[in-house]
2 protein chains.
Amino acid sequence: MGKVLVFGHTSPDTDAIVSAIAFAELKNKLGETVEPVRLGALNGETEYVLKHFNTDAPRLVKTVSNEVPAVYLVDHNEPQQSADDIDKVDVLSVVDHHRISGFETKAPLYYRAEPVGCTATILNKLYKENGVVVPKTIAGLMLSAIISDTLLFKSPTCTDEDVKAAKELEEISGVDTQTYGLAMLKAGTNIGDKSAEE
Amino acid sequence: MGKVLVFGHTSPDTDAIVSAIAFAELKNKLGETVEPVRLGALNGETEYVLKHFNTDAPRLVKTVSNEVPAVYLVDHNEPQQSADDIDKVDVLSVVDHHRISGFETKAPLYYRAEPVGCTATILNKLYKENGVVVPKTIAGLMLSAIISDTLLFKSPTCTDEDVKAAKELEEISGVDTQTYGLAMLKAGTNIGDKSAEE
Ligand SMILES: [Mn+2]
Ligand SMILES: [Mn+2]
Ligand SMILES: [Mn+2]
Ligand SMILES: [Mn+2]
């Protein structure tokens, strides 16, 4: 199998970006060649997260069928939230925590959705199921995604599984979740405010 | 949560019947109240399987919304292969090995599809992930579903994961897979022939 691209939804949030990075890392560790890409500009919060963990942003793309015949999706499934030409490629797998709508495949695939607060929470399980230890930097990124999607565990979509995954990722990454989480959420807000003022 | 029904597709095959039974057993062991039902007549092979393992057939239903507000699906996802009134209930989870088509939900759900030869192969993983040992009779039934869907490991849809799951279920059930499998597939064929002659 040649290179496969993985990406989250358009207007990406931290989970869309981080889950693409974390999924690609897992697949690459398992011997595949997977590149994380993104379908839109980074928001301020995600910029803060990537800078904090000294990680490059995934490459920006508009279309994918010009590069690869098949893709992996994370943090979305609906075609209207995906690449412009998603109908021109095969979706080999989906890891997501949203409702399913308008999603169709011609062939069987790996589809893993769970009603939890964040895609990174499901990815944390996939690392364990595949016997791969989450690298320290990836753990920090995944923890950031959970903090972002659950608003530091305060959103009504936050589940016990998100809290449990965050604890495990906190341990691996050595991040102080409360201190870092508040700074990270604040960074998103500040930059949002600044843009609004500009 | 009240009682939930679980069922496979219309014109049920052995996997559709057995996966409903095995999924209900797992959920009941985890403290839920789940009843397996079926959407059509048993075929000859499935009759042979249930008789061999001394197991009652799931109750036959046409509609489900008159009984429950929410259901679990196994071995299918397409609405036209499901209960007549599937649009009137919430689908809480799907375990399947087919392509996804026409499937929509209003809310996030647990969706577990893998590109393997049989739903029972995925259920074998779910038992392990939930720390529940497959009961001996259920193991025999699940092994039967894998034999049926993969034609005793000879179909092109059969994967290494199906073979691995069958080995584990053979061990638990004490069934001789080759001898039993041939008899089971033959039973399906014989009864099929008989019906055609009648
Ligand atoms: Mn998102
Ligand atoms: Mn998300
Ligand atoms: Mn079937
Ligand atoms: Mn099947």
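The structure this text deals with has already been given above.
Residues numbered from 1 in each chain as written. Chains lettered and ligands numbered in written order. Predicted model: local features only at pLDDT ≥ 70, side-chain atom pairs only at ≥ 80, totals over all residues. Heavy atoms only, no water.

This next bit is on the coordination of the manganese ion (ligand 1). Under perfect tetrahedral coordination by four donors, a metal shows angles of 109.5 degrees; under perfect octahedral coordination by six donors, it shows angles of 90 or 180 degrees. All names here are of chain A. For the manganese ion (ligand 1), every protein donor is listed as His9 (NE2), Asp13 (OD), Asp13 (OD) and Asp75 (OD), and the spread of their distances is 2.1 to 2.7 Å. Read from N- to C-terminus, the donor residues coordinating the manganese ion (ligand 1) fall into the pattern H-x3-D-x61-D. The distance between the manganese ion (ligand 1) and the manganese ion (ligand 2) comes to 3.4 Å, with Asp75 serving as a donor to both metals. With Asp13 in the loop between strand E1 (4-7) and helix H1 (14-29) and Asp75 in the loop between strand E4 (70-74) and strand E5 (90-96), this pair connects stretches of sequence that are 62 residues apart. Given the relative accessible area of 22%, Asp13 is considered partly exposed. (Donors = N, O, S within 2.8 Å, 3.2 Å for Na, K, Ca; no water. Helix = DSSP H or I, 4+ residues; strand = E, 2+ residues; numbered from the N terminus. Buried < 20%, exposed > 50% of the residue type's maximum accessible area, 1.4 Å probe, protein only.)

Before going further, it helps to examine the packing of aromatic side chains. Applying the stated criterion across every chain yields a total of nine aromatic pairs over all chains. Ring centres of Tyr111(A) and Tyr111(B) lie 5.0 Å apart, and the angle between their planes is 55°; this geometry places the pair in the tilted category. Of the two residues, Tyr111(A) is situated in strand E6 (residues 110-113) and Tyr111(B) in strand E6 (residues 110-113); the pairing between them involves two chains. With respect to burial, Tyr111(A) and Tyr111(B) carry one shared label: buried. A network of ring pairs unites the aromatic residues Phe103(A), Tyr111(A), Phe103(B) and Tyr111(B) as a single cluster. (Phe/Tyr/Trp six-rings, centres within 6.5 Å; stacked < 30°, edge-to-face > 60°.)

Moving on, we get to the pattern of salt bridges. A side chain of one charge can pair with a side chain of the opposite charge when the charged atoms of the two come close. Summed over the entire model, instances satisfying the criterion amount to 26 salt bridges over all chains. Two residues, Glu161(A) and Lys125(A), come together in a salt bridge whose shortest N-O distance is 2.9 Å. Taken together, the residues Glu161(A) in helix H5 (residues 160-173) and Lys125(A) in helix H3 (residues 119-129) connect sequence positions 36 residues apart. By relative accessible area, Glu161(A) is classed as partly exposed at 34%. Judged by relative accessible area, which is 23%, Lys125(A) ranks as partly exposed. Ionic pairing is found between Glu168(B) and Lys164(B), a salt bridge with its closest N-O pair at 3.8 Å. Of the two residues, Glu168(B) and Lys164(B) are both situated in helix H5 (residues 160-173); the distance of four residues between them amounts to about one turn of the helix. On the basis of relative accessible area, Glu168(B) is assigned to the partly exposed category, the value being 25%. Taking the relative accessible area as the measure of exposure, Lys164(B) reaches 52% and is therefore exposed. A single salt-bridge network, built from bridges that share partners, covers Arg112(A), Glu114(A), Lys125(A), Glu129(A) and Glu161(A). (Salt bridge = Lys/Arg side-chain N within 4 Å of Asp/Glu carboxyl O.)

So, on to the coordination of the manganese ion (ligand 3). Residue and element names in this part refer to chain B. Protein-derived ligands of the manganese ion (ligand 3) are His9 (NE2), Asp13 (OD), Asp13 (OD) and Asp75 (OD), with the metal-ligand distances lying across 2.1 to 2.7 Å. Between consecutive donors of the manganese ion (ligand 3), the numbers of intervening residues give the motif H-x3-D-x61-D. The metal-metal distance between the manganese ion (ligand 3) and the manganese ion (ligand 4) is 3.4 Å, with Asp75 serving as a donor to both. Taken together, the residues span a long stretch of sequence, with His9 in the loop between strand E1 (4-7) and helix H1 (14-29) and Asp75 in the loop between strand E4 (70-74) and strand E5 (90-96) at a distance of 66 residues. You'll find His9 and Asp75 in the same group, each marked buried.

Here we come to the relation of the copies chain B and chain A. To go from the first copy of the chain to the second, apply a rotation about an axis and then a shift along the same axis. With an RMSD of 0.0 Å, chain B superimposes on chain A once it is rotated by 180° and translated 0.0 Å along the axis. Both copies of the chain, as the preceding transformation shows, are related through a two-fold rotation axis. Identified as the residue of chain B closest to the rotation axis by C-alpha distance is Arg112(B), at 2.5 Å. (Least-squares fit on C-alpha atoms with pLDDT ≥ 70 in both.)

With that out of the way, let us pick up H1(B). All names here are of chain B. For H1, spanning 16 residues, the distance from its first C-alpha to its last is 22 Å, which sits close to the expected 22 Å at 1.5 Å a residue. Burial analysis of H1 places 13 of its 16 residues in the buried class, the great majority of the element. Just past H1, the residue Gly31 takes up positive phi, approximately 100°. (Expected span 1.5 Å × (residues − 1).)

Note that all results are geometric; they support no functional claim without further evidence.
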